[in-house]
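Chains, contacts and geometry: an overview
Each chain is listed here by its residues.
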Amino acid sequence: MEMVNLKINGIAVSVPKGSSILDAARQTGIEIPTLCYMKEKNEIGACRICVVEANEGRGFRLVTACVYPVSEGMEVLTNSEKIQKSRKTTLELILSTHDKSCLSCVRSTNCELQKLCNEYGVDQTSFEGTKPHYEKDLSAAHLVRDNNKCILCRRCVAACAEQYVSVIGPNQRGFDTAIGQAFDLPLNNTPCISCGQCTAVCPTGALTEKDDTDKVWEALADPEKFVVVQTAPSIRATIGECFGMPIGTNVEGKMVAGLRRLGFDKVFDTNFGADLTIVEEANELVERIKNGGTLPMITSCSPGWVKFCEFYYPDLLPHLSTCKSPQQMSGAVIKTYYADKMGIACDSIFVVSIMPCTAKKFEIGREDQSAAGVPDVDVALTTREAARMFSRLGVKFESLPDEEFDNPLGDDTGAAVIFGATGGVMEAAVRTANAWLNGATEPVELEAVRGTDAIKEATVDLAGTPLKICVASGAANAKIVMDKLKAGNPDGWGFIEIMCCPGGCVNGGGQPIQPQYIRDTVDLKAVRAKALYDQDKGMELRMSHESPVIKTLYEEWYDGFGGHKAHHDLHTSYVKREKFTAE
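First things first, this report covers the structure right here in the doc. (Residues numbered from 1 in each chain as written. Predicted model: local features only at pLDDT ≥ 70, side-chain atom pairs only at ≥ 80, totals over all residues. Heavy atoms only, no water.)

Focus: the sheet that holds strand β14 (residues 379-382)
One open sheet holds the 4 strands; their spatial order is β11-β10-β13-β14, and the pairing between them is parallel. A single partner strand is all that each edge strand has here, and the edge strands are β11 (266-269) and β14. Here the strands of the sheet are splayed against their neighbours by 25° on average, with no regard to which way each runs. By the bridge criterion, 4 bridges tie strand β10 (residues 226-231) to β11 in an arrangement that is parallel. What sits directly across from Val 228, in β11, is Lys 266. Sheet contacts for helix α6 (residues 213-220): β10, β13 (349-355) and β14; angle to β14, the most-contacted strand, approximately 125°. Of the strands in this sheet, β13 and β14 are in contact with helix α12 (residues 383-393), which crosses β14 at around 85°. (Pairing = 2+ DSSP bridges. Helix = DSSP H or I, 4+ residues; strand = E, 2+ residues; numbered from the N terminus. Axes fitted to C-alpha atoms, helices over the stretch in contact; angles between N-to-C directions. Contact = heavy atoms within 4.5 Å.)

Rendered as structure tokens:
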């Protein structure tokens, strides 16, 4: 590899040819501030915050570090008086049109613009004049756009493009530029898949999940409501980040303890629903294989992916498993089986889910998601919303003791735990299918589908028949897989797992906000997923069908696998969606 030698603040550095000044500075332990930059995704040099002074033999001049390549013998200054003045002026220009209601902003203290203003001593601007005003876009079930807080960094645009859908982008030109949808349509009238990846990368409060915590506080205060909370597999590996704990820390016990202190009547584990999903999904796969059903079968636990398929590949919807997601299955069982066993009216049970995914807010309002005649789940909160509830009540999360989920819907297996990582659903399903068809007593360790690669493939043996499997995460990679299916499935896949968010639920749009520097330098997907695989490895039961609670449920309530009652409660249907609609 050809190397380039340069000096940064007088320190000699050697980096690969083609590196940017920003890359080189990071190797020396210097972080140059950025606002628009996203490594390999949004390298546009638009915000001008990253300016440095570079000398290539013609004297020092200001250049943008994120896109300016290093050269042999270059000298770089990263924090001279001239640089600081330039950055401060840029921040003042940004603030001149920015809504500065920071005290009530959901991103206060976790805002990249606010942090830079604090560091550079900018609390007002010398630039006064016309200040545009935008109405908030509240049309979508999962998201709020407030362009009064937008700094036109275009990170959200890049994230949406990475997900293929590209439903947002810059409208108008010059001073009138604003991020929005084509023809200024409301977001809910576009083929947005509700993944929320835009909210995860926004540096300010311009894009946030729609906050539903007040609905939960109201339910908790209602003596007529029996309020149940369930937490998705990945939450235990991420929510600690909201309280300064290291990335990838498994805080399951503290999370349970915190939720009890919020006042929930029962704290259940969505892992139960994940085990249930696997049993139903494995049964459906076996039935399709035996009876000539539509293959390949594709998983249906990711609502963003389901919505993507409904918008972009409606003719391939028969390939989707009809299984509800773990969130919805858990809600269905709580309001049917559990309600019956406890003698509680289903309409007095209020089910709250803590999810990594903003698309879950959309999913709870879908049709055919009401096993008991009422919505399976009443409110879906993101990881971030749950953390804000803890903070509002004064819960000292880091100091909480470890507590266990409530029974009976708090038991799970290792197969359910790994649901939160790309490949985890596939591995869990194969474990059960392998046990049922091959008589295996030990769980499959399906290393081929682990890791954060965009598309992974393997072949497994099911009763002497080879089954080719495929795993994809991220909507753009889903498109690659689906295009191959449209072309006749040349790779011969029989079973496919697709997750909407790159890396799976551990990288969902509702997960804790990390500054872009962390997102650029730490593989969040891998570190968070490791916590789940580590927990799976240490569990006694690691196959979903081995769960005693699952066995009891089918014996007492569903009269065995594949029955009508189970299909009514635990399966759903899909619709072909129009990509654009007028108001």
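Notes on empty space enclosed by the protein
If you walk through the whole model with that rule in mind, you get 6 cavities of 30 Å³ or more. There is about 250 Å³ of room inside the largest cavity. Lining of the largest cavity is provided by 20 residues; of these, Cys 301, Ser 302, Pro 356, Lys 360 and Cys 505 occupy positions nearest its centre. Class assignment of the residues belonging to the lining of the largest cavity gives a composition of 13 nonpolar, 6 polar and 1 charged. Considering only enclosed or pocket space, the second largest cavity measures out at about 130 Å³ in volume. In this structure, the second largest cavity is lined by 19 residues; those nearest its centre are Cys 160, Val 167, Cys 192, Cys 195 and Cys 198. Elements with a minimum of two residues in the lining of the second largest cavity: β6 (143-145), α4 (155-162) and α5 (197-201). Looking at which element gives the most residues to the lining of the second largest cavity, the answer is α4, with 3 residues. Looking at the lining of the second largest cavity, its residues break down into 13 nonpolar, 5 polar and 1 charged. (1 Å grid on protein atoms, 1.4 Å probe; cavity = no way out; pocket = protein on both sides within 12 Å on 5 of 7 lines; lining within 4 Å. Points joined across faces, edges and corners; volume = space filled by probe spheres on them. Nonpolar A, V, L, I, M, F, W, Y, C, P; charged D, E, K, R; others polar.)

Description of the packing of helix α8 (residues 270-291) against helix α18 (residues 548-558)
Closest axis-to-axis distance for the α8/α18 pair is 10 Å, and the angle between their directions is 60°. With respect to their mutual orientation, α8 and α18 come out oblique. Remark: the crossing between α8 and α18 carries right-handed chirality. Judged by residue contacts, Phe 272, Asp 275, Leu 276, Val 279 and Glu 280 of α8 engage Val 549, Ile 550, Leu 553 and Tyr 554 from α18. In terms of residue class, the contact of α8 with α18 is built from 7 nonpolar, no polar and 2 charged. (Parallel < 35°, antiparallel > 145°, perpendicular 65-115°, else oblique. Left-handed = near helix turned anticlockwise from the far one by under 90°.)

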